[in-house]
Amino acid sequence: MSKKILWIVIALAVLFSIVIAAMAPTSQGDASRATAQIAVVDDAWRAALPRDPVAATEAYMSRISPAAKARSDAYFEGGYWLQLLDLIVGLAAALLLLRTRALASTRDWIAKKVRPMWLIDTFTAMVYSVLVSLITFPVAAYEGYYREHLYGLSNLSAIDWFVENIMMLSISTVAMGIAVGLLYIALRRTSRNWWIWGAGIGVVLIGVMMLLAPTYIDPLFNTYKPITEERIKTPVMAMMRANGVPIDNLYQFDASKQSNRVSANVSGIFGSAAVRMNDNLLNRSTVSEIKAVLGHELGHYTMNHIYKAWMEVAIVLVIGFAFVKWSLDWSIAKWGVEFGIKDHADIAGFPLFVALFSVFMFIATPINNTLIRTQETEADMFGLNASAEPLGFAEAMLKLTEYRKSDPGHVEEFIFFDHPSPKKRIYAAMRWRAEQLKP
Ligand SMILES: [Zn+2]
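Residues numbered from 1 in each chain as written. Predicted model: local features only at pLDDT ≥ 70, side-chain atom pairs only at ≥ 80, totals over all residues. Heavy atoms only, no water.

1. Some thoughts on the nonpolar core
Nonpolar side chains tend to gather and get buried jointly when the protein is soluble and globular. Judged by nonpolar contacts, the single largest core of 46 residues is most densely connected at Met-240, Leu-250, Met-277 and Leu-294. Sequence-distant contacts of Met-240, defined by excluding residues within four places in its chain, comprise Val-245, Ile-247, Val-266, Val-275, Leu-294 and Leu-298. Leu-131, Trp-194, Ala-199 and Phe-350 belong to the second-largest nonpolar core, a separate cluster that totals 38 residues. (Core = buried A, V, L, I, M, F, W, Y, C linked by side-chain atoms within 4.5 Å. Buried < 20%, exposed > 50% of the residue type's maximum accessible area, 1.4 Å probe, protein only. Contact = heavy atoms within 4.5 Å.)

This is how it looks when you write it as structure tokens:
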């Protein structure tokens, strides 16, 4: 009976997501989008820009039309509620899997085919990954496809979006199988302090993912090719060399197939460095904007932000596992028999494990955002010094207001922003210009 409920929910979820995707607006140039734009300016406007940082910042902000501001505010504020929605949907999915004992019966079924415990855990976790994706598919279709098209922020067709999702699901299912297999070895072999071992394994795996993703996973979704235009290559490589970063090539990738968002990154380990710019940045920006954006990315690289972020993740993870250890023991004592979970090291309890961890991560949102935002602020300062392009930087930040709220309140920024607000970033650039550049 309970198994039937699971399959009915999954069938409905898949059907529902197809309906959501089919209903998404497809027109790219609708009327509301045309009025919701940022005013284009010329050299005369830049020459007349006041030196006073406050006045100059206001001049930039006034280029965002009221319609554009209303649109990006609505998009970004809606994202706050989506975080809550994701938590609730995730908890509901966990409850469904626990009540139907889906993983307990998957575990028993796999145990008849294979012997080693770690292999049983690995396969069960892979089944979990697919089941959860199917249950939460309507929410993913709404957030990732329908809503992005509603705001004119996605260039993907429904088919392309679906194919990307299948690819991501395949990668995450394999990754989850390996990660959970390793995690439960630690959970079984250690006793009371399993949460420290679990966090340790989590830290190592996250580090491996962070270092490998740019080289091995990103190219599965986009095509990378060298940038040959000398007008871009020469100034950018000069800036990189001036900051001690030895690169011999810049790459571009075709992000425009996904969206119009501008982005870039500088990554690499053991002294290697690769600069990757998306084609939106190349096509929509001047050389001074490109230099300003890459100056910021250079800052992340030079200040070893990836390694520092890794250590920060480690601290958050240890606290998270401590919370899970405490709440999992309590939950299993209360509902273990009902859900068919023997103990904390039983893979049947994995949905409970994930649910408790997601509650912790939700509560930790302001802390995680502040850790990232602090690095972003540092990279902004580094980038301004390295590129000496405050106007280019301000222009690039203005483009971000297409999908990021431009001027949030202080508490709002603290809780929800993983970058400083666009207005703060423009002000920082205008202050740098007033104090560092000769009039
Ligand atoms: Zn950054």
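2. What to know about the UniProt feature "domain: CAAX prenyl protease 1 N-terminal" (unreviewed entry) in the chain
Under the feature "domain: CAAX prenyl protease 1 N-terminal" (unreviewed entry), the UniProt entry names residues 61–223. Regarding residues 61–223, the helix share stands at 85% and the strand share at 0%, and the terminal C-alpha atoms are separated by 35 Å. (UniProt positions renumbered as here; feature names shortened; annotations may be inferred. Helix = DSSP H or I, 4+ residues; strand = E, 2+ residues; numbered from the N terminus.)

3. What to know about the packing of aromatic side chains
Going through the model one piece at a time under the given rule, you end up with 20 aromatic pairs. With 6.1 Å between their ring centres and 40 degrees between their planes, Phe-357 and Phe-360 make a pair best called tilted. Of this pair, Phe-357 and Phe-360 are both found in helix H15 (residues 350–363), three residues apart, which corresponds to roughly one turn of the helix. We classify Phe-357 as buried; its relative accessible area is 19%. Here a set of aromatic residues connected by ring pairs shows up, and it is made of Tyr-128, Tyr-184, Trp-194, Phe-321, Phe-323, Trp-326, Phe-350, Phe-353, Phe-357 and Phe-360. Just above the ring of Trp-45 sits the side chain of Arg-63; from NZ or CZ to the centre is 4.8 Å. Above the face of the Tyr-403 ring, Arg-261 is positioned so that its terminal group lies 4.2 Å from the ring centre. (Phe/Tyr/Trp six-rings, centres within 6.5 Å; stacked < 30°, edge-to-face > 60°. Lys NZ or Arg CZ within 6 Å of the ring centre and 35° of its normal.)

4. As for the pattern of salt bridges
Applying the stated criterion to the full structure yields 17 salt bridges. Two residues, Asp-121 and Arg-188, come together in a salt bridge whose shortest N-O distance is 2.6 Å. Of this pair, Asp-121 sits in helix H7 (residues 117–135) while Arg-188 sits in helix H9 (residues 158–189), and the two are 67 residues apart along the sequence. With a relative accessible area of 1%, Asp-121 lands in the buried category. Taking the relative accessible area as the measure of exposure, Arg-188 reaches 31% and is therefore partly exposed. Among the ionic pairs, Glu-289 bridges to Lys-399, the shortest N-O distance being 2.5 Å. One end of the pair, Glu-289, is in helix H13 (residues 287–302); the other, Lys-399, is in helix H17 (residues 390–400), with 110 residues separating them in the sequence. Relative accessible area serves as the criterion here: at 6%, Glu-289 is assigned to the buried category. Classification of Lys-399 by relative accessible area gives buried; the value is 14%. Salt bridges linked by common partners bring Glu-58, Asp-407 and Lys-423 together as one network. (Salt bridge = Lys/Arg side-chain N within 4 Å of Asp/Glu carboxyl O.)

5. What to know about the coordination of the zinc ion
All of the protein donors around the zinc ion are His-296 (NE2), His-300 (NE2) and Glu-376 (OE); their distances to the metal are 2.0 to 2.1 Å. Mapped onto the polypeptide sequence, the residues donating to the zinc ion form the spacing pattern H-x3-H-x75-E. You can see His-296 sitting in helix H13 and its partner Glu-376 sitting in helix H16 (residues 365–387), a full 80 residues away along the chain. Using a relative accessible area of 5% as the deciding quantity, one classes His-296 as buried. Overall, Glu-376 belongs to the buried group, its relative accessible area being 8%. (Donors = N, O, S within 2.8 Å, 3.2 Å for Na, K, Ca; no water.)

6. Overview of unusual backbone geometry
With a phi angle near 50 degrees, Asn-304 is a residue other than glycine that sits in the positive phi range. Relative to the helices and strands, Asn-304 is located in the loop between H13 and helix H14 (305–339).

7. A short note on helix H5 (residues 66–99)
In this model, H5 (34 residues) spans 49 Å end to end at C-alpha, consistent with the 50 Å of a helix rising 1.5 Å per residue. Along H5, the helix axis deviates most sharply at Tyr-80, where the bend reaches about 25 degrees. Following H5 by one or two positions, Arg-101 adopts a phi angle in the positive range, close to 50 degrees. (Expected span 1.5 Å × (residues − 1). Bend = angle between axes of the 7 residues up to and from the residue.)

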